[in-house]
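Chain residues, written in single-letter form:
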Amino acid sequence: ISQTGDDYAYYWNEEEYKDYIKEMNGEGVGVGILVNYLEDKGAINVLFVYPDSPAEKAGLEPGDLIISVSGENVADIGYDNAVNKVRGAVGTKVTLGVIKNDGTSKTLTATRRQFTTVSVISKMLSDNKTGYIRLLQFDGTTTEQFAKAYLELKDQGAEHFRATVNEKLSAKYGLLIVDLAELR
């Protein structure tokens, strides 16, 4: 795979591929977090914690760094293996070694469950005229979630809209962003 020159190319076995397709369709089993990898720190960075998720109940917050999963250091096992260890069977527990935003270290335990991914969050801004929509990731639920957020904000009286798109997503999925932006 590395000889293709494509930094985003992966090889998956049949089970890994099925899990990927489920995730792209908005289905998943895990603790309910959106993450990225900070290679220089050998840690998983928590970008977003799904509301009412096992991660939220365990005390994970955006900005926390996951440095170990079930006793194995993320730096040693790598990002993909660590993320796969956070996923698992519904009802099983996973232990996470975490460095909190304030620099303290904690060990948190969360029970995995089935969830639908959150790819869009929204709110009315303080002027009560501007709707704010944030795209967290793109998957099979994004267009539907975006449309729902847009219509809910319109119903709340939004006259103007602002949007934030994760910078990594905008470079990779620019056409999808245009399609979503054209929703009227």
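Residues numbered from 1 in each chain as written. Predicted model: local features only at pLDDT ≥ 70, side-chain atom pairs only at ≥ 80, totals over all residues. Heavy atoms only, no water.

Caption draft 1: Structural detail: the overall build of the chain. Scanning the chain from N- to C-terminus turns up seven helices and 11 strands. Counting the 184 residues in the chain, one finds 35% classified as buried. For the chain, long-range pairs separated by at least 24 residues make up 56% of all intrachain contacts whose partners lie at least 6 apart in sequence. A total accessible area of about 11,400 Å² is found for the chain, and carbon and sulfur atoms account for 48% of it. (Helix = DSSP H or I, 4+ residues; strand = E, 2+ residues; numbered from the N terminus. Buried < 20%, exposed > 50% of the residue type's maximum accessible area, 1.4 Å probe, protein only. Contact = heavy atoms within 4.5 Å. Areas by Shrake-Rupley, 256 points an atom, 1.4 Å probe, with all protein chains shown as cover.)

Caption draft 2: Structural context of helix α1 (residues 14–24). Put simply, Asn13 is the residue that caps the front of α1, since its side-chain oxygen is 3.1 Å from the backbone nitrogen of Glu15. Gly26, located one to two residues past α1, shows a positive phi value of around 90°. (Polar contact = N/O pair within 3.5 Å; in protein donor to acceptor, adjacent residues only side chain to side chain.)

Caption draft 3: The side chain of Thr141, seen in detail. With respect to the helices and strands, the residue Thr141 is situated in the loop between β10 (130–135) and α5 (142–155). Separated by 2.6 Å, the side chains of Thr141 and Asp139 make a polar contact. Once residues lying within four places of it in the same chain are set aside, the contact partners of Thr141 are Asn25, Gly26, Thr116, Thr117 and Ser119.

Caption draft 4: Structural context of α5. In this model, α5 (14 residues) spans 20 Å end to end at C-alpha, consistent with the 20 Å of a helix rising 1.5 Å per residue. When α5 is considered as a whole, its buried residues turn out to be Thr142, Gln145, Phe146, Ala149, Tyr150 and Leu153. Around the axis of α5, the buried residues are gathered within 135° of arc, so they sit on the same side. For α5, the exposed residues lying more than 90 degrees away from the buried face are Glu144, Lys148 and Asp155. (Expected span 1.5 Å × (residues − 1). Arc of directions from axis to C-beta.)

Caption draft 5: How the structure looks around the environment of Asn81. Positionally, Asn81 belongs in helix α4 (residues 79–86). Owing to a relative accessible area of 44%, Asn81 belongs among the partly exposed residues under this scheme. Linking Asn81 and Val69, residues 12 residues apart in sequence, is a C-alpha distance of 9.5 Å. A polar side-chain atom of Asn81 sits 2.9 Å from the main-chain carbonyl oxygen of Ile77.

Caption draft 6: Spatial organisation of the packing of aromatic side chains. Applying the stated criterion to the full structure yields five aromatic pairs. For the ring pair Trp12 and Tyr17, a centre distance of 6.5 Å and an interplane angle of 40° mean the geometry is tilted. Aromatic pair Tyr50 and Phe115: ring centres 5.5 Å apart, planes at 85°, arrangement edge-to-face. With a gap of 65 residues between them, Tyr50 in the loop between β3 (43–49) and α2 (54–58) and Phe115 in strand β8 (residues 113–116) connect regions that are remote in the sequence. Under the relative-accessibility criterion, Phe115 is labelled buried at 15%. An aromatic cluster of at least three residues, connected via ring pairs, comprises Phe48, Tyr50 and Phe115. (Phe/Tyr/Trp six-rings, centres within 6.5 Å; stacked < 30°, edge-to-face > 60°.)

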